[in-house]
Amino acid sequence: MKDCLMDPAQQSNKTKRHRGMRRSQNQSAATPPKDAYARLLSQHRSSMFASYLAQYAQDSLTQKEENGSSASLQAHSDRLNLPQQKKDHVLIEFPDSSEFSPSSSKKKGEESSLSLYMEKLSSHSDQQECERKPGVSERQRRGQRRDTTTSQDGDIESGEELAGSRGNGPKKQQKQQKKRDDPNKSAGDGRSKKQVFESYMSLEEVSHGLKRGELYQGQLRINPKNYNEAFIPSPDDARDLFLDGVVARNRALNGDIVVIQILPREQWKVKPEVTNRHGPSPNVRAEDQSNDPEEVLRNRPDVSCADTESCAFTYQVVYIVERKHSRAVTGHLKFLPDKPFAMFSPVDHRVPRINVKLDDCPAEFRANPGDFAKTLLICQITDWAADSNFAEGRLAKTLGQAGEIEPETEGIMIEYNVDFSEFPQEVLDCLPKTLPWTIPPEEIEKRRDLRKECIFTIDPATARDLDDALSCKQLPDGNFEVGVHIADVSYFVKEGTSLDNMASQRATSVYLVQMVVPMLPRLLCEELCSLNPLTDRLTFSVIWKLTPEGKILDEWFGRSVMHSCVKLSYDNAQRLIEAPERLFPPDELPPIDAEHTVDEIHQAVLHLHSIAKNLRAQRFLGGALRLDQPKLSFTLDKETMTPQGCYIYEYRDCNKLVEEFMLLANMATATHIYRAFPTLALLRRHPPPKAKLVKELEVLCNQLGLNMDFTSAGTIHKSLCAIYGDDEYSVYRRQVLNNMCSRPMQLALYFCTGTRLQREHFQHYALNVPLYTHFTSPIRRYPDIIVHRLLAASLNLGPRLGLSTEEVQIRASHCNDKKTLSKKVQELSSELYFGVFVKECGPLESNAMVMGVLDKSFDVLVIKYGVQKRIYCKSIAGLDSYRYRKVEKVPQLVLVWTSDDEESPPVEQVISIFSVVDVQLKTDEVPLKYSALLKRPEKIAS
């Protein structure tokens, strides 16, 4: 790509010079109005220009055949064979590309750049000609592309060369002879005769390419439902950039930070509107569906990319900046006869199969490999050579039988890099030595004493790490003094200690169905820091003077000491809210401190509820958005911890009460610490949704007849409230609509305000507030601890934070990664338990609402359990045929059911978004996996 930045004279005279010298010459050149290659890219959507390029390519091909290969292509070839740089943990940041201009300002130079660009384009015309020939298979067209090397591909077991299945002929005989003559190539370990993957660029090349805007950096996401598709966000976060196939990923794994470059035009992918396919399925995020955010599809023989307006860019990885994937995977080991290695097949199909030396396998496996068919193991990837279809690795641990909760859970945590080991002694040495611990009298003197106030906690009944407490009392003037009191974890976790370092590494507590992996030792998170009832505890408080409408009249921040008078569960609080006039006897609530009465606590809860309703109404009137998703909860056997039942968690007024005051405290703290430390504050931002996905969703809603306004978070909220409906399925329609609107949304991120991020990008999109942070959960979130330290320093109640802006940003980025992994582990734990529940109690039957329609399948929300599943038409029993169609651009599937008797004709069932169907959840042969089966409806409109 950089070749087209030089004129022909430069190219012919300096081909053999070092590439760095050429860059320095280019950098010293004057800045042109716009270099030729950038102009070409900006014009690539013009069909007339595309025709001109095609003709130019044909003319250039003839000249090329006469004159031989160009020096620029030789330079390009040299670049691809550079050695890989071993700098996996270097974060690459560069100034704006506008600061660097590589090409000459002369028009002559620009025309030369055009010639070089066309020369590169024509160099691929041989492959284009092959694509145009009838009878040429997809595999022949792809050549060295090997997109079937991952564990999802069932026909590759031993790692032999994939191209070996081609028909015999003179060329193949020549290749076989070369293979016999080359002693360095092995046919048994997945090694290819040629390089499967391109060599990585050097760090220097990557640096210059990113500065020029020729390369892009981002985090790789691989589609879990189609391992051939991967994406990274575009630099402006408006859309996703598409990588097609395993080879394009160049040995990068899901979550890695990579650098990519655009592929030659003939490898771009056809847009779906050309292939007459429907829009993207609304039920899942971009990486969970076959139609990716750029709407790129696999090449079809009836569509050509000669018309650039019908094609989308496709990219490939040229460098791995940071290997964020743990390279530890769960899976199964398979014996391969006459091979010096075994094949490890990961459960996650996005990870390649792994060769494990037979000598490194358990002796029992070598003797009786069949006994390991259902054994779950952990394998650590150690290498993945550029000339191999498969990675190499070593077995790390035998977990146990697949399908059992304990080994499956341990496998999930190892694979997602959750540290569930015991805390080392050097960390425990940081804890108070004298137990039971009491607050030193001199510490109480430094704080505001709130121990006589009516302060209480509201948490799930099983919670043991109680971060937050609330207080509310009415003032003589009719206003209220409301307090949010947060455990003062920073008092115990001193900056720079082993305890602090461990908390920073873990970054978050991880909540699974049956257990919690704590961020801090249990002595802290369940005892000394937890705001347990009837016990003095150290806290950081925010206390406001509020009007009944929720307007803030006064605000106070400070360190305090409190004494919780009761531990209310959400059920307790909800009963108090729902019965405002009732006098509750003491035995209907948990133990209460003798200093306070049930009625005092009841009135405080009612006042908080009233103010919270006003705060909530004002937030949504002000443009906030909330997209609730169903959350599955389980009742467990106390001894075996196996699921006895499951239900969808209900979000009630008691939850909203707590949420509103936590949000208020977080927003107030964000404003305070940013004002005090404008270049050091750790905040949390939520970027706007991806513009391209929003546009796609808007088109889909219009097709469905939904009047949605996607201008802002507030207009989305208003639109959703207006079209939910009030029939028996309105709550489920709401869930489907919420899910559709969640697709374009991005994740919220921690960041340091001293980075180069513009002030307008600090905003939290969903909350529609300019500044936001996390202050209210320091027991389970490390960012909250940093925020507490910043708050203490701003009030002269603690030392200045001992971190630079860059160090705060590094910790913020690490916390982002750990939060994402924690959420994924929580989801997988829930899926695991629901799989066990289906196995033990299934088949389960329920109504379901259709969320998205594809050409051969459709997605449903199972109403009773809140899970989402895809139903494939080919697996529906009793179905005679099916066809895909669009009615006024709305995608539909017409299912033709076989009639019950020979005399009756087949009947049809139309599947479209919001259709209600009957499904059965039934366990699969794969351990803990289950499928949704469509039941034949009792009544079908013919």
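Residues numbered from 1 in each chain as written. Predicted model: local features only at pLDDT ≥ 70, side-chain atom pairs only at ≥ 80, totals over all residues. Heavy atoms only, no water.

What counts, and what does not: UniProt positions are given in the numbering used here, feature names are shortened, and annotations may be inferred rather than shown by experiment.
As recorded by an unreviewed UniProt entry, the protein carries the name DIS3-like exonuclease 2 and is attributed to Xiphophorus maculatus. Word for word, the UniProt comment on the protein under Sequence similarities (unreviewed entry) is "Belongs to the RNR ribonuclease family. DIS3L2 subfamily."

Overview of empty space enclosed by the protein
Note the threshold: For cavity detection a 1 Å grid was placed over the protein atoms alone, and a set of points counts as a cavity when a 1.4 Å probe fits there but cannot get out; an open set counts as a pocket when protein lies on both sides within 12 Å along at least five of seven lines, with lining residues being those that have an atom within 4 Å of a point. Grid points are joined across faces, edges and corners, and a volume is the space filled by probe spheres set on the points. Helix and strand assignments come from DSSP, with helices taken as H or I runs of at least 4 residues and strands as E runs of at least 2, each series counted from the N terminus. Each residue gets one of three labels, nonpolar for Ala, Val, Leu, Ile, Met, Phe, Trp, Tyr, Cys and Pro, charged for Asp, Glu, Lys and Arg, and polar for the others, Gly among them.
Enumeration over the complete set of coordinates arrives at ten cavities of 30 Å³ or more. What the second largest cavity holds in volume is close to 100 Å³. For the second largest cavity, the full set of lining residues is Tyr416, Asn417, Val418, Asp419, Arg506, Thr508, Val510, Val517, Pro518, Lys818, Leu821 and Ser822. No other element matches helix α25 (residues 805-841), which puts three residues into the lining of the second largest cavity. Here the residues of the lining of the second largest cavity are counted per class, giving six nonpolar, three polar and three charged.

With respect to the environment of Lys194
Condition: Only protein chains enter the calculation, and the probe is 1.4 Å; a residue is then buried if its accessible area is under 20% of its type maximum, exposed if over 50%, and partly exposed in between.
Here Lys194 shows up in the loop between α9 (170-181) and α10 (203-212). Accessibility expressed as a relative area gives 52% for Lys194, which makes it exposed.

A word on the sheet that holds strand β21 (residues 552-563)
To keep it simple, the criterion reads: Following DSSP output, two strands are said to pair if at least two bridges run between them. Residue contacts are counted whenever heavy atoms from the two residues lie within 4.5 Å of one another. Angles here are taken between N-to-C directions and fall from 0 to 180 degrees, while the axes themselves are lines fitted to C-alpha atoms, restricted in helices to the stretch in contact.
What the seven strands build is an open sheet, ordered β14-β21-β20-β17-β16-β15-β22; its pairing is mixed. In this open sheet, the two strands that pair with only one neighbour each are β14 (448-449) and β22 (567-569). Contacting β15 (455-459), β16 (468-474), β17 (480-487), β20 (536-546) and β22, helix α19 (residues 598-621) crosses the sheet at an angle of about 95° to β16.

Some thoughts on the packing of helix α22 (residues 713-723) against helix α23 (residues 730-742)
Put simply, the test is: Orientation labels follow simple angle bins: below 35 degrees gives roughly parallel, above 145 gives roughly antiparallel, 65 to 115 gives roughly perpendicular, and whatever is left gives oblique. Each crossing gets its handedness from the near helix: less than a right angle anticlockwise from the far helix is left-handed, clockwise is right-handed.
Relative to each other, α22 and α23 sit at 155°, their axes nearing to 10 Å. The orientation of α22 with respect to α23, classified from their angle, is roughly antiparallel. Considering how the two elements wind past one another, α22 and α23 form a crossing that is right-handed. Contacts from Ile716, Leu720 and Ile723 in α22 reach Arg733, Leu737, Asn738 and Cys741 in α23. Partitioning the contact of α22 with α23 into residue classes produces five nonpolar, one polar and one charged.

As for the pattern of salt bridges
Side-chain pairing between opposite charges can occur once the charged atoms of the two side chains come close. Operational definition: The term salt bridge refers to a pairing of a side-chain nitrogen on Lys or Arg with a carboxyl oxygen on Asp or Glu at a separation within 4 Å.
Inspection of the entire model under this criterion finds 34 salt bridges. With a closest N to O distance of 2.4 Å, Asp628 and Arg626 form a salt bridge. Accessibility expressed as a relative area gives 27% for Arg626, which makes it partly exposed. Glu659 is the partner of Arg626 in a salt bridge, and the nearest nitrogen-oxygen pair spans 2.4 Å.

Things to note about the UniProt feature "binding site: Mg(2+)" (unreviewed entry) in the protein
Per the UniProt entry, the sites bearing "binding site: Mg(2+)" (unreviewed entry) are Asp459 and Asp468 in this numbering. Following the sequence through the fold, Asp459 ends up in strand β15. What makes Asp459 buried here is its relative accessible area of 8%. Its location among the elements puts Asp468 in strand β16. You can call Asp468 buried: its relative accessible area is 10%. Those residues in contact with Asp468, other than ones at most four positions away along the chain, are Thr457, Asp459, His485, Ile486, Leu531, Val658, Met662 and Thr776.

Some words on the sheet that holds strand β10 (residues 341-346)
As a general point, the strands of a sheet are linked pairwise by backbone hydrogen bonds and lie either parallel or antiparallel. Read around the closed barrel, five strands run β9-β10-β11-β13-β12, paired in mixed fashion. Going across the sheet, the axis of each strand differs from the next one's by a mean of 50°, ignoring polarity. Examined bridge by bridge, β10 and strand β11 (residues 354-357) share four bridges and lie antiparallel to one another. Note on β11: the bridge partner recorded for Phe344 is Ile354. Relative to the sheet, helix α13 (residues 405-415) contacts β9 (328-334), β12 (375-383) and β13 (391-401), its axis offset from that of β13 by approximately 150°.

Notes on the packing of aromatic side chains
Here a ring pair, both rings aromatic, is described through the centre-centre distance and the interplanar angle of the planes. Selection criterion: In this scheme Phe, Tyr and Trp rings, the latter by its six-membered ring, pair at centre separations within 6.5 Å, and the angle between planes marks the pair as stacked below 30 degrees, edge-to-face above 60, and tilted otherwise. Whether a charge sits over a ring depends on NZ of Lys or CZ of Arg being within 6 Å of the ring centre and within 35 degrees of the ring normal.
Tallied over the entire structure, the rule returns 16 aromatic pairs. Where Phe335 meets Phe365, the ring centres are 6.3 Å apart and the plane angle is 65°; that geometry is what we call edge-to-face. One end of the pair, Phe335, is in the loop between β9 and β10; the other, Phe365, is in helix α12 (residues 363-367), and 30 residues separate them in sequence. By the ring-pair criterion, three or more aromatic residues cluster together here, those being Phe834, Phe837, Tyr865 and Tyr930. Its end group placed over the ring of Tyr649, Lys631 keeps NZ or CZ at 5.5 Å from the ring centre.

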